[in-house]
Amino acid sequence: MTRHIEFERLHNFRDLGGYRTADGATVAWGALYRADSLGKLAGADWDLFLGLGVRTVIDLRYPWEIDAKGRIPEPERFTYANLSIEHRPYDQAEIDPDTDPWRFLADRFAEVAEDGVAEIRAAIGLLAEGPGPAVFHCTSGKDRTGLIAALVLTLLGVDEEQILADFALTELATARLTADWHTANPGRTMRWPSYGRAPAEILRLTLADLGARHGSVGAYLTDRVGITAQTTERLRARFLNS
């Protein structure tokens, strides 16, 4: 099975299949995907995407990002939802180069985890109840997408080390994400040298912060986000092979 699905214009489209759970199950291949912006789909990329049979699409971007960059083509073909989980925008290219980058991003993740509980709950609920296969995405498929992937894999019973390793796979796309930024921003200077990076340490700090604040990541999901046992059971029924 292939973790990375190679598109011409998308750089960070991945299958979440194959991860093992504590009780010996496996996340099904070809059922759940994470991605960078599907607004870039066109031509052969569009044909490749349609061949995956995706039926549910969750766009985690701000509506103004969608207006500027476009949504997935023909959204009426899918069960589609725009659920903007981030509420405090910032420009990563303008971050102070002297800032501790991983602590800075973990703090932004913490903001999303607290500000975006309604949208996070809705996204997880749609993954549980919508038709499959399913994909969720933001702009780079890195931060917002990475947080949702971590929370869903937690609910599926995947251990933290596998979740961290999945998050860090975005590092393979960093060079192309950075090149795209330069193409889209002629004349601008990228101040932050860590743009497009996604080391496991960011998510390790994030999960530790959630544990310190709520007792555990699982407690955050049930007590703060409001994920019910029924939703968790439905996720596991949809996306796990015994």
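A few points on the structure. (Residues numbered from 1 in each chain as written. Predicted model: local features only at pLDDT ≥ 70, side-chain atom pairs only at ≥ 80, totals over all residues. Heavy atoms only, no water.)

Observations regarding empty space enclosed by the protein
- Per the stated rule, a full pass over the model turns up one cavity of 30 Å³ or more.
- Taken as a whole, the largest cavity spans an internal volume of roughly 60 Å³.
- Lining of the largest cavity is provided by I85, E86, Y90, R108, F109, V112, D143, R144 and L147.
- Broken down by secondary-structure element, the contributors of at least two residues to the lining of the largest cavity are helix 3 (101–115) and helix 5 (144–156). (1 Å grid on protein atoms, 1.4 Å probe; cavity = no way out; pocket = protein on both sides within 12 Å on 5 of 7 lines; lining within 4 Å. Points joined across faces, edges and corners; volume = space filled by probe spheres on them. Helix = DSSP H or I, 4+ residues; strand = E, 2+ residues; numbered from the N terminus.)

Points about the layout of surface pockets
- In this model, the largest pocket occupies a volume close to 1100 Å³.
- Forming the walls of the largest pocket are 33 residues, and the residues nearest its centre are E65, K69, T139, S140 and Y195.
- Looking at the lining of the largest pocket, the element that brings in the most residues is helix 7 (residues 174–184), giving five residues.
- By residue class, the composition of the lining of the largest pocket is eleven nonpolar, ten polar and twelve charged. (Nonpolar A, V, L, I, M, F, W, Y, C, P; charged D, E, K, R; others polar.)

A word on the side chain of T170
- Note that T170 resides in the loop between helix 6 (160–168) and helix 7.
- By relative accessible area, which is 0% here, T170 ends up buried.
- Apart from residues no more than four positions distant in its own chain, T170 is found in contact with N12, R14, R34, G141, K142, L177, G196 and A198. (Buried < 20%, exposed > 50% of the residue type's maximum accessible area, 1.4 Å probe, protein only. Contact = heavy atoms within 4.5 Å.)

Overview of the packing of helix 3 against helix 8 (residues 200–214)
- One can describe the packing of helix 3 onto helix 8 by two numbers: an axis separation of 8 Å at closest approach and a directional angle of 45°. In terms of axis orientation, helix 3 runs oblique to helix 8. Classified by chirality, the crossing of helix 8 by helix 3 is right-handed. Here helix 3 contributes W102, R103, L105, A106, F109, A110, A113 and E114 to the contact with helix 8, which in turn contributes E201, I202, L203, L205, T206, D209, L210, R213 and H214.
- Classifying every residue of the contact of helix 3 with helix 8 by side-chain character gives ten nonpolar, two polar and five charged. (Axes fitted to C-alpha atoms, helices over the stretch in contact; angles between N-to-C directions. Parallel < 35°, antiparallel > 145°, perpendicular 65-115°, else oblique. Left-handed = near helix turned anticlockwise from the far one by under 90°.)

Some remarks on the nonpolar core
- Counting 59 residues, the largest nonpolar core has I124, L127, F136, Y220 and L221 as its most contacted members.
- For this core, the secondary structure elements donating two or more residues are helix 3, helix 4 (117–129), strand 6 (134–137), helix 5, helix 6, helix 8, helix 9 (217–225) and helix 10 (229–239).
- The biggest single contributor to this core is helix 5, with nine residues.
- For I124, the residues in contact, after removing those within four places along its chain, are L151, V152, L155, L221, I227, T231 and L235.
- One finds F13, W46, F49 and V135 within the second-largest nonpolar core, a separate group that totals 16 residues. (Core = buried A, V, L, I, M, F, W, Y, C linked by side-chain atoms within 4.5 Å.)

With respect to the pattern of salt bridges
- By the definition in use, this model includes 20 salt bridges.
- D166 is paired through a salt bridge with R14; the nearest N and O atoms lie 3.6 Å apart. Of this pair, D166 sits in helix 6 while R14 sits in strand 1 (residues 14–15), placing them 152 residues apart in sequence. For the pair D166 and R14, a shared accessibility class is recorded, and that class is buried.
- Within the structure, one salt-bridge network assembled from shared partners comprises R88, R108, E111 and D115. (Salt bridge = Lys/Arg side-chain N within 4 Å of Asp/Glu carboxyl O.)

Looking at the pairing of strand 3 (residues 32–35)
- Across the two faces of strand 3 the burial is the same, with L32 and R34 and Y33 and A35 all buried.
- Looking at chain direction, strand 3 and strand 6 are connected through four bridges and run parallel. Residue pairing in the sheet places R34 in a bridge with F136 of strand 6. (Pairing = 2+ DSSP bridges.)

Considerations on the packing of helix 4 against helix 9
- Contact geometry of helix 4 with helix 9 gives a least axis separation of 10 Å together with a crossing angle of 105°. Classed by the angle they form, the pair helix 4 and helix 9 counts as roughly perpendicular. Counted together, V117, I120, R121 and I124 of helix 4 and Y220, L221, R224 and V225 of helix 9 form the full contact between these two elements.
- Along the lines of polarity and charge, the residues of the contact of helix 4 with helix 9 split into six nonpolar, no polar and two charged.

Points about the packing of aromatic side chains
- What the rule picks out here adds up to ten aromatic pairs.
- Relative to F49, the ring of F13 has its centre 6.2 Å away and its plane inclined at 85°; by these criteria the two rings are edge-to-face. Of this pair, F13 sits in the segment before strand 1 while F49 is found in helix 1 (residues 43–51), placing the two residues 36 residues apart along the sequence.
- A relative accessible area of 1% places F13 in the buried class.
- Assessed through its relative accessible area of 0%, F49 is described here as buried.
- An angle of 55° between the planes, with centres 6.1 Å apart, marks the rings of W181 and Y195 as tilted. One end of the pair, W181, is in helix 7; the other, Y195, is in the loop between helix 7 and helix 8, and 14 residues separate them in sequence.
- One aromatic cluster in this structure is built from F7, F13, Y33, W46, F49 and F78.
- It is R108 that lies over the ring of F104; its NZ or CZ is 4.5 Å from the centre. (Phe/Tyr/Trp six-rings, centres within 6.5 Å; stacked < 30°, edge-to-face > 60°. Lys NZ or Arg CZ within 6 Å of the ring centre and 35° of its normal.)

Treat this as a map of the structure, not an account of what it does.
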